[in-house]
Amino acid sequence: MAKVGILGCDITTRELNCVMVGCFGNLRGREGSFKDYPEDEPLDLVGVIHCGGCPTAVGSDRIWQKVQALVDYGIDSLHLSSCLIQLCPFKDAFLETIKRDYPNLKVVEGTHPFHDPDAFKAGIKELISQRAVKPQTMNDLVFKRMKLPPEKEV
Ligand code: SF4
């Protein structure tokens, strides 16, 4: 039995409401980055943890805490989510730190494939920047121009 942990991107889950359906679906179906495990070896998803947010000046120094939380439960392999691998500017520093600190851990880059990585990146950029569809903000509330759903109109 392979005990698997997943390290995800905090922003995609916390801000963009990603429920990691692609990660878990590929794990259940033993597809994507999970297809290389031996067919007769059951996969046990021990846990999921996220990076803790963009570290800026701290760099990769605290990523070990996240990995350690999974290592404490005896994981054999750690998958960095595909979002983290595709989007994170700290990816290489994270990988270097994790491989240095946990030399016996199997580290896998990714969880699921992307059908169109460029379209994915463009979509994420828009979700974060909200240029095409202007979001409401606190200023809309302050300046009394908030749009409410019909049942909430006062
Ligand atoms: S550090 Fe990377 S993985 Fe973590 S929230 Fe920022 S972009 Fe996502």
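Below: a short report on this structure. (Residues numbered from 1 in each chain as written. Predicted model: local features only at pLDDT ≥ 70, side-chain atom pairs only at ≥ 80, totals over all residues. Heavy atoms only, no water.)

1. Here we look at the pairing of strand E3 (residues 77–80)
Along any regular strand, the residues point their side chains to alternate faces of the sheet.
Item 1. Across the two faces of E3 the burial is the same, with Ser-77 and His-79 and Leu-78 and Leu-80 all buried.
Item 2. Relative to E3, strand E1 (residues 2–8) runs parallel, the two being bridged by 4 bridges. Looking at E3, one finds that Gly-5 is bridged to Leu-78. (Buried < 20%, exposed > 50% of the residue type's maximum accessible area, 1.4 Å probe, protein only. Helix = DSSP H or I, 4+ residues; strand = E, 2+ residues; numbered from the N terminus. Pairing = 2+ DSSP bridges.)

2. Focus on the pattern of salt bridges
A pair can form between side chains of opposite charge whenever their charged atoms are brought close.
Item 1. Summed over all chains, the structure comprises 4 salt bridges.
Item 2. The partner of Arg-14 in a salt bridge is Asp-10, with the nearest N and O atoms 3.1 Å apart. Taken together, the positions of Arg-14 and Asp-10, both in helix H1 (residues 10–14) and 4 residues apart, correspond to about one turn of that helix.
Item 3. Across the pair Asp-92 and Lys-91 runs a salt bridge whose closest N-O atoms are separated by 3.9 Å. (Salt bridge = Lys/Arg side-chain N within 4 Å of Asp/Glu carboxyl O.)

3. Some thoughts on helix H5 (residues 91–101)
Think of an α-helix as 3.6 residues a turn; residues three or four steps apart then line up on the same face.
Item 1. Those residues of H5 not exposed but buried are Phe-94, Leu-95, Thr-97 and Ile-98. The buried residues of H5 occupy one face: seen down the axis, they fall within an arc of 170 degrees. Of the exposed residues in H5, the ones pointing more than 90 degrees away from its buried face are Asp-92, Glu-96 and Arg-100.
Item 2. Of the surrounding elements, those touching the buried residues of H5 are E1, helix H3 (63–71), E3, helix H4 (82–87) and strand E4 (106–109). (Arc of directions from axis to C-beta. Contact = heavy atoms within 4.5 Å.)

4. Quick look at the state of the cysteines
Item 1. By the definition in use, this model includes 0 disulfides.
Item 2. The thiol of Cys-83 is not disulfide-bonded; the next cysteine sulfur, from Cys-18, is found 5.2 Å away. (Disulfide = S-S within 2.5 Å.)

5. Here we look at the side chain of Ser-60
Item 1. Following the sequence through the fold, Ser-60 ends up in the loop between strand E2 (43–50) and H3.
Item 2. Setting aside residues up to four positions removed in sequence, Ser-60 forms contacts with Ala-93, Phe-94 and Thr-97.

6. A closer look at the environment of Arg-30
Item 1. Secondary-structure assignment places Arg-30 in the loop between helix H2 (21–29) and E2.
Item 2. On the basis of relative accessibility, which here comes to 25%, the residue Arg-30 falls in the partly exposed class.
Item 3. In this structure, the C-alpha to C-alpha distance between Arg-30 and Leu-43, residues 13 residues apart in sequence, is 8.4 Å.
Item 4. There is a polar contact of 2.8 Å between the side chain of Arg-30 and the backbone oxygen of Pro-38.
Item 5. From its side chain, Arg-30 meets the backbone oxygen of Glu-41 in a polar contact 2.8 Å long. (Polar contact = N/O pair within 3.5 Å; in protein donor to acceptor, adjacent residues only side chain to side chain.)

7. Re the side chain of Thr-12
Item 1. Position of Thr-12 relative to the elements: it lies in helix H1.
Item 2. Residue Thr-12 is classed as buried on the basis of its relative accessible area of 5%.
Item 3. When near neighbours in sequence (up to four residues on either side) are disregarded, Thr-12 contacts Asn-17, Cys-18, Cys-83 and Leu-87.

8. Side note on the nonpolar core
Item 1. Leu-7, Leu-78, Leu-80, Leu-84, Phe-94 and Ile-98 are the most contacted members of the largest nonpolar core, which totals 18 residues.
Item 2. Counting only elements with at least two residues in this core, the list comes to H3, E3, H4 and H5.
Item 3. Within the second largest apolar cluster, 10 residues are counted, among which are Cys-23, Tyr-37, Leu-43 and Val-108. (Core = buried A, V, L, I, M, F, W, Y, C linked by side-chain atoms within 4.5 Å.)

The analysis is restricted to geometry; functional conclusions fall outside its scope.
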